[in-house]
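A look at the structure
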Amino acid sequence: MNTTFDTGSVTLKIDGKSRVFDINDPILPDWVEKAALSSGDHPYDKKLKQDQYETELRTLQIELVKVQYWLQATGGRVMALFEGRDAAGKGGTIHAILSYMNPRSARNVALTKPSETEQGQWYFQRYISRFPGSGEFVLFDRSWYNRAVVEPVMGFCTQAQYEHFMEQVPRFEKLIQQDNIHFFKFWLDIGQEMQIKRFHDRRHDPLKIWKLSPMDIAALNRWDDYTKKRDRMLKETHTKEAPWTVVRANDKRRAHLNTIRHLLLSLDYTDKDLNAIGTIDDKILGKPSSIL
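I will try to describe carefully the structure that is included in this document. (Residues numbered from 1 in each chain as written. Predicted model: local features only at pLDDT ≥ 70, side-chain atom pairs only at ≥ 80, totals over all residues. Heavy atoms only, no water.)

Turning our eyes to something else, we now look at the overall build of the chain. Counting secondary structure elements, the chain contains 13 helices and eight strands. The C-alpha radius of gyration of the chain comes to 19 Å, within 12% of the 19 Å expected for a compact globule of 292 residues. Taken over the C-alpha atoms alone, the chain extends approximately 55 × 50 × 40 Å along its principal axes. Burial status across the chain gives 50% buried among its 292 residues. Considering only intrachain contacts with a sequence separation of at least 6, the fraction spanning at least 24 residues in the chain is 76%. As presented, the chain carries roughly 15000 Å² of accessible surface, and 49% of it is formed by carbon and sulfur atoms. Positive and negative side-chain charges of the chain, numbering 43 and 39 respectively, have mean locations separated by a distance of 1 Å. (Helix = DSSP H or I, 4+ residues; strand = E, 2+ residues; numbered from the N terminus. Rg over C-alpha atoms; globule rule 2.2 N^0.38 Å. Buried < 20%, exposed > 50% of the residue type's maximum accessible area, 1.4 Å probe, protein only. Contact = heavy atoms within 4.5 Å. Areas by Shrake-Rupley, 256 points an atom, 1.4 Å probe, with all protein chains shown as cover. Lys, Arg positive; Asp, Glu negative; His and termini not counted. Charge placed at Lys NZ, Arg CZ, Asp CG, Glu CD.)

In this structure the tally under the stated criterion is 16 salt bridges. Between Arg142 and Glu83 there is a salt bridge, with the nearest N and O atoms lying 3.7 Å from each other. Placement of Arg142 in the loop between strand 5 (137-141) and helix 6 (150-154) and of Glu83 in strand 3 (residues 78-84) is noted, with a sequence separation of 59 residues between them. Glu83 carries the same exposure label as Arg142, and that label is buried. The salt bridge partner of Arg107 is Glu136, with a shortest N-O separation of 3.1 Å. Of this pair, Arg107 sits in strand 4 (residues 106-109) while Glu136 sits in the loop between helix 5 (125-128) and strand 5, and the two are 29 residues apart along the sequence. Relative accessible area serves as the criterion here: at 26%, Arg107 is assigned to the partly exposed category. Here the salt bridges share partners, and the residues they tie into one network are Glu83, Asp86 and Arg142. (Salt bridge = Lys/Arg side-chain N within 4 Å of Asp/Glu carboxyl O.)

Axis separation between helix 2 (residues 50-74) and helix 11 (residues 252-266) bottoms out at 10 Å; the angle between their running directions is 25 degrees. When the axis of helix 2 is compared with that of helix 11, the two are roughly parallel. Crossing angle aside, the handedness with which helix 2 passes helix 11 is left-handed. Where helix 2 abuts helix 11, its residues Gln50, Tyr53, Glu56, Leu57, Leu60, Glu63, Leu64 and Val67 lie against Arg253, His256, Leu257, Ile260, Arg261 and Leu264. (Axes fitted to C-alpha atoms, helices over the stretch in contact; angles between N-to-C directions. Parallel < 35°, antiparallel > 145°, perpendicular 65-115°, else oblique. Left-handed = near helix turned anticlockwise from the far one by under 90°.)

In space, the six strands of this open sheet follow the order 4-5-3-6-7-8, with mixed pairing throughout. A single partner strand is all that each edge strand has here, and the edge strands are strand 4 and strand 8 (285-286). Relative to strand 5, strand 4 runs parallel, the two being bridged by four bridges. The partner of Ala106 across the bridge, within strand 5, is Phe137. Each of strand 3, strand 6 (182-189), strand 7 (244-248) and strand 8 is contacted by helix 11, which is oriented at about 160 degrees to strand 6, the strand it contacts most. (Pairing = 2+ DSSP bridges.)

Helix length check: helix 2 (25 residues) gives 36 Å between terminal C-alpha atoms against 36 Å at 1.5 Å per residue, within 8%. Gly75 lies just past helix 2 and shows a positive phi near 80 degrees. (Expected span 1.5 Å × (residues − 1).)

Here's what the structure looks like:
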């Protein structure tokens, strides 16, 4: 595939320095590669070995199957939102969770932009229609939090719509918790250089290029704007009823494992094996105040 982005070359401000990056150039600049793998966003010097990762992941996936049996037996409901910048690894994390769960009652929701009809509805309405029913396990690859970060940064909503959303969302999520849905919110956090590296990987991989859009490239120069909106979102919507969990997602393998551990440790399901689950790595996952 020979897709070329007309706006492929951008000048970025990174750590006070101007850097020119051309996503159409097949050679990734050295400064991107080095910074992506050595920054504070990547707390370990080395990746987790593939065989160790696969062994640990399989053990955790067995526990997820137990969760599904428990939900079906009790009628319980689980719902988790996965948010983060583009290329943060939301889809990969969701895939690691759902791979061996029965798709009849465990599903992913990844909505496209709202239709004309949906634009005239209450903002939360199209998400509510995808909420879990009895015995279901539902994950959202992006959610209503588009309006907290992406939409205001990219000009897809008005300031009044944004402020109205920020006022409503804590009350909306309190209702979710009060209806006894096991509710989780994950923010997958990556560094700027890692985002650039992953964009570059997508641009030059014919199997992944569909994941990259011109809007992704346009967003590269708005890193600080995204950060400001993210910080306000976490501050105002991290509540007792619906807390955020932040995951350092530069390290994909450890991010996947610790996200699943957090889910499992938070649910009181039948035949839960704490030794199999293990403990959370607090260098990778924790509250917003401890990770960011």
